[in-house]
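Coordinate inspection notes
What follows is each chain in one-letter form.
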Amino acid sequence: MHFEPQAIYHVYNRSNEKTFYIRDNYLLFLSKVRKLIFPFCDILAWVLMPNHFHFLIQAKESGCENAMEKHRPHLQILSKNFGSLMNGFTQAINKQEKRRGKLFSHDIKAKNLNEASFDAALVFKNSLCLKTDYATTCFLYIHQNPVMAGLVTDLEDWEYSSFRDYAGLRNGKLINKTLAKEIIELDFENLRQQLQFLVDKEKLKKIF
């Protein structure tokens, strides 16, 4: 993975089996995110699902700095820390479940939504660069995940996403709500209603 300062990314990964077995697993993962990822990017949205996760982030300058590793001279701090997150969490789950090997089916992915927006004749929409359009698509998709997967019927019933923070039901410190409201093209006063509508399938392809 390579990160550019101020660029917006959809970061995600999926497990071979289950990612989170019990509530403490979700909390452990979030504690590692707070320690390893939070200082080096602004988190705009997140969701943890039983077998995968999604984050919408904007990289900070500090996260794009060189990690200064001799055997990986071009490795950035944010890339290194995402790797540490995956490795550390996998070790914890393997110990808990008495299993061995990889927990995730592939390396963590980070889709640059700024790059995804520059798509031939579709660079502008109503004089706005589509980078915000794809960020909005990703924001909606992330929060819709629990309902789409049939885990809950109401978004606020899923504890492991940033929806409760945006809905004013929890005062979570992991997301940057002020920045999100500048970037995401939604009426945050009526966020619940806007999340009722599924994202456009063609736009959805651009965030992966």
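The present account deals with the structure reproduced in this document.

Focus on the overall build of the chain
Broken down by element type, the chain carries eight helices and six strands. Counting from the amino terminus, helix and strand elements in the chain follow one another as β-α-β-β-α-β-α-β-β-α-α-α-α-α. Referenced to the eigenvectors of the C-alpha coordinate spread, the extents of the chain come out at roughly 50 × 45 × 30 Å. Across the 208 residues of the chain, 49% fall into the buried class. Carbon and sulfur atoms provide 51% of the accessible area of the chain, an area that totals close to 11000 Å². Within the chain, one finds 29 positive and 23 negative side-chain charges whose respective centroids are separated by 7 Å.

Remarks on the side chain of Gln58
By the element assignment, Gln58 lies in strand 3 (residues 52-59). Judged by relative accessible area, Gln58 falls into the buried class, the value being 9%. A polar atom in the side chain of Gln58 sits 3.0 Å from the backbone oxygen of Gln6.

Brief notes about the nonpolar core
Phe29, Leu48, Phe55, Leu56 and Ile57 are the most contacted members of the largest nonpolar core, which has 66 residues in total. Per element, the largest residue contribution to this core is eight residues, and it comes from strand 2 (residues 41-49). With residues near it in sequence (within four places) discarded, Phe29 still touches Phe20, Leu48, Phe53, Phe55, Leu85, Met86 and Phe89.

Remarks on the layout of surface pockets
Quantified by volume, the largest pocket comes out at close to 360 Å³. Per-element tally for the lining of the largest pocket: the top contributor is helix 2 (residues 77-97), with seven residues. Considering only residue class, the lining of the largest pocket consists of seven nonpolar, seven polar and four charged.

Here we look at helix 1 (residues 23-36)
Here helix 1 contains 14 residues, and its C-alpha end-to-end distance of 20 Å stays within 8% of the 20 Å for a straight helix at 1.5 Å per residue. Taken residue by residue, helix 1 has Asn25, Tyr26, Phe29, Leu30, Val33 and Leu36 as its buried positions. The arc that holds the buried residues of helix 1, viewed along the axis, is 140°, so those residues lie on one side. Along helix 1, exposed side chains directed more than 90 degrees from the buried face belong to Asp24 and Lys35. Summarising the contacts, the buried residues of helix 1 are in contact with strand 2, strand 3 and helix 2.

Structural notes on the packing of aromatic side chains
A full pass over the atoms with the stated rule returns 18 aromatic pairs. Ring centres of Tyr12 and Phe208 lie 5.1 Å apart, and the angle between their planes is 75°; on these two criteria the pair is classed as edge-to-face. Placement of the pair is Tyr12 in strand 1 (residues 8-14) and Phe208 in the segment after helix 8 (201-205), with a sequence separation of 196 residues. Residue classification places Tyr12 among the buried positions, given a relative accessible area of 16%. Taken together, the ring pairs in this structure connect Phe20, Tyr26, Phe29, Phe53, Phe55, Phe89, Phe104, Trp158 and Tyr160 into an aromatic cluster. In this structure, Arg34 packs its charged tip against the face of Phe38, placed 5.6 Å from the ring centre.

Quick look at the side chain of Asp42
Mapped onto the elements, Asp42 comes out in strand 2. Within the buried core, Asp42 has no salt-bridge partner, and the shortest N-O distance to an opposite charge, that of Lys60, equals 4.2 Å. Within the structure, the side chain of Asp42 is placed 3.1 Å from the side chain of Asn176, a separation counted as a polar contact.

Regarding the pattern of salt bridges
Evaluation of the coordinates by the stated rule reveals nine salt bridges. Across the pair Arg192 and Glu156 runs a salt bridge, and its minimum N-O distance is 2.7 Å. You can see Arg192 sitting in helix 7 (residues 191-194) and its partner Glu156 sitting in the loop between helix 4 (130-148) and helix 5 (163-166), a full 36 residues away along the chain. Classification of Glu156 by relative accessible area gives partly exposed; the value is 28%.

A word on the state of the cysteines
Applying the stated criterion across every chain yields a total of zero disulfides. For the unlinked cysteine Cys41, the closest cysteine sulfur is that of Cys64, found at 9.7 Å. Its relative accessible area of 1% is what places Cys41 among the buried residues.

Criteria and thresholds
- Residues numbered from 1 in each chain as written.
- Predicted model: local features only at pLDDT ≥ 70, side-chain atom pairs only at ≥ 80, totals over all residues.
- Heavy atoms only, no water.
- Helix = DSSP H or I, 4+ residues; strand = E, 2+ residues; numbered from the N terminus.
- Buried < 20%, exposed > 50% of the residue type's maximum accessible area, 1.4 Å probe, protein only.
- Areas by Shrake-Rupley, 256 points an atom, 1.4 Å probe, with all protein chains shown as cover.
- Lys, Arg positive; Asp, Glu negative; His and termini not counted.
- Charge placed at Lys NZ, Arg CZ, Asp CG, Glu CD.
- Polar contact = N/O pair within 3.5 Å; in protein donor to acceptor, adjacent residues only side chain to side chain.
- Core = buried A, V, L, I, M, F, W, Y, C linked by side-chain atoms within 4.5 Å.
- Contact = heavy atoms within 4.5 Å.
- 1 Å grid on protein atoms, 1.4 Å probe; cavity = no way out; pocket = protein on both sides within 12 Å on 5 of 7 lines; lining within 4 Å.
- Points joined across faces, edges and corners; volume = space filled by probe spheres on them.
- Nonpolar A, V, L, I, M, F, W, Y, C, P; charged D, E, K, R; others polar.
- Expected span 1.5 Å × (residues − 1).
- Arc of directions from axis to C-beta.
- Phe/Tyr/Trp six-rings, centres within 6.5 Å; stacked < 30°, edge-to-face > 60°.
- Lys NZ or Arg CZ within 6 Å of the ring centre and 35° of its normal.
- Salt bridge = Lys/Arg side-chain N within 4 Å of Asp/Glu carboxyl O.
- Disulfide = S-S within 2.5 Å.

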